[in-house]
Every structure is written in C-alpha cells, then in structure tokens.
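# Fold and geometry: a report
One-letter residues, chain by chain:
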Amino acid sequence: QVQLVESGGGLVQVGGSLRLSCAASGRTFSRYVMGWFRQAPGKEREFVAAITSSGGSTYYADSVKGRFTISRDNVKNMVYLQMNSLKPEDTAVYYCAADPTLLNVWVPQKYDYWGQGTQVTVSS
C-alpha cells in the first residue's frame with residue numbers, strides 16, 4: 001500500500017513558477033510509476049506527467065511539455081512537479097498517483113493510489 005500527500009500548491013501570477021511535492025509512504029515506493037494529474041472545475045481529470053520507477057523515463061501531456069518537469073527521489077520517497085511559465089489554463093487541483101505498471105500512463109483509471117490533491121491557481 002502507498003499513501004500519497006501533495007503539497008506546494010498556491011496562487012501564482014501568469015508566467016510564474018511553482019514546485020509541487022508528493023510525499024509517499026511505504027517501502028515499495030521505488031517500484032511504482034508515479035503520475036501527476038489535474039482536474040479543473042467542471043472538467044475531467046487529465047494527465048499531466050509521469051515518471052518510471054527508476055526515474056529513467058518521463059512522459060508529458062502536450063499542453064505542459066517544455067514548461068513542466070517531473071522528477072523523483074527514491075531515497076526520500078518523493079515526487080516533484082516543477083511548473084514554469086504558468087498559464088491561467090493550468091489552474092486546477094493537482095493530484096499525484098501511483099501505478100505498479102508501465103502501461104498507458106496517461107489513463108487515470110489504471111492508477112491504484114491517489115493523494116488528496118493540492119490547488120494551483122494562476123491569476124492573469
């Protein structure tokens with residue numbers, strides 16, 4: 001079992017940056033693919049980024065490619081999402097999630113564990 005707790009959200013102006021963190025519990029953290037998703041009001045949860053268990057490969061939604069960076073520290077059981085050049089359309093609740101398999105990482109339904117989410121608001 002993996003428990004996930006996000007932090008680092010907040011209010012930022014257009015063009016600004018935020019770094020989200022996700023703290024994971026459990027000794028098997030390093031076996032999981034980790035993903036970040038987001039959900040805006042009235043919209044479905046959407047894929048943002050994912051990273052393989054070793055951290056050797058990363059995946060991004062087209063909408064954030066070149067602006068966001070996902071990383072992980074398997075010693076500290078942490079996953080991060082560095083968000084730069086933020087836009088109003090990035091406003092959402094951001095969730096981290098854990099999946100034991102590397103298949104269709106963009107599909108939220110395949111992730112087994114979820115955090116409670118952290119709000120990111122980008123003001124124009």
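Quick caveat: nothing in here was measured; it's all calculated off a predicted structure.

A separate point is the state of the cysteines. Inspection of every chain in the model, using the stated rule, returns one disulfide. The side chain of Cys22 participates in a disulfide bridge whose partner is Cys96; the two sulfur atoms lie 2.0 Å from each other. Here Cys22 and Cys96 share a disulfide; its torsion about the S-S bond, 50°, makes the bridge right-handed. With Cys22 in strand E3 (residues 18–25) and Cys96 in strand E9 (residues 92–99), this pair connects stretches of sequence that are 74 residues apart. What makes Cys22 buried here is its relative accessible area of 0%.

The four strands lie next to each other as E1-E3-E8-E7, forming an open sheet whose pairing is antiparallel. Each edge of the sheet is formed by a strand with only one pairing partner; in this case those strands are strand E1 (3–7) and strand E7 (68–73). This sheet shows a mean twist of 15° between the axes of neighbouring strands, independent of strand direction. In this structure, E1 lies alongside E3, joined through five bridges in antiparallel fashion. Paired with Ser7 across the bridge in E3 is Ser21.

A few words now on the pattern of salt bridges. Taken as a whole and assessed by the stated rule, the structure comprises five salt bridges. Across the salt bridge formed by Asp90 and Arg67, the nearest N and O atoms sit 2.8 Å from each other. With Asp90 in the loop between strand E8 (78–83) and E9 and Arg67 in the loop between strand E6 (58–60) and E7, this residue pair connects regions lying 23 residues apart in the sequence. There is no split in this pair, since Asp90 and Arg67 are both buried. Where Asp99 meets Lys110, a salt bridge forms, and the shortest distance between an N and an O atom there is 1.8 Å. With a gap of 11 residues between them, Asp99 in strand E9 and Lys110 in the loop between E9 and strand E10 (113–114) connect regions that are remote in the sequence. Lys110 carries the same exposure label as Asp99, and that label is buried. The structure contains a network of salt bridges with shared partners spanning Arg38, Glu46, Arg67 and Asp90.

What counts as what
- Residues numbered from 1 in each chain as written.
- Predicted model: local features only at pLDDT ≥ 70, side-chain atom pairs only at ≥ 80, totals over all residues.
- Heavy atoms only, no water.
- Disulfide = S-S within 2.5 Å.
- Helix = DSSP H or I, 4+ residues; strand = E, 2+ residues; numbered from the N terminus.
- Buried < 20%, exposed > 50% of the residue type's maximum accessible area, 1.4 Å probe, protein only.
- Pairing = 2+ DSSP bridges.
- Axes fitted to C-alpha atoms, helices over the stretch in contact; angles between N-to-C directions.
- Salt bridge = Lys/Arg side-chain N within 4 Å of Asp/Glu carboxyl O.

Geometry only, nothing functional implied.
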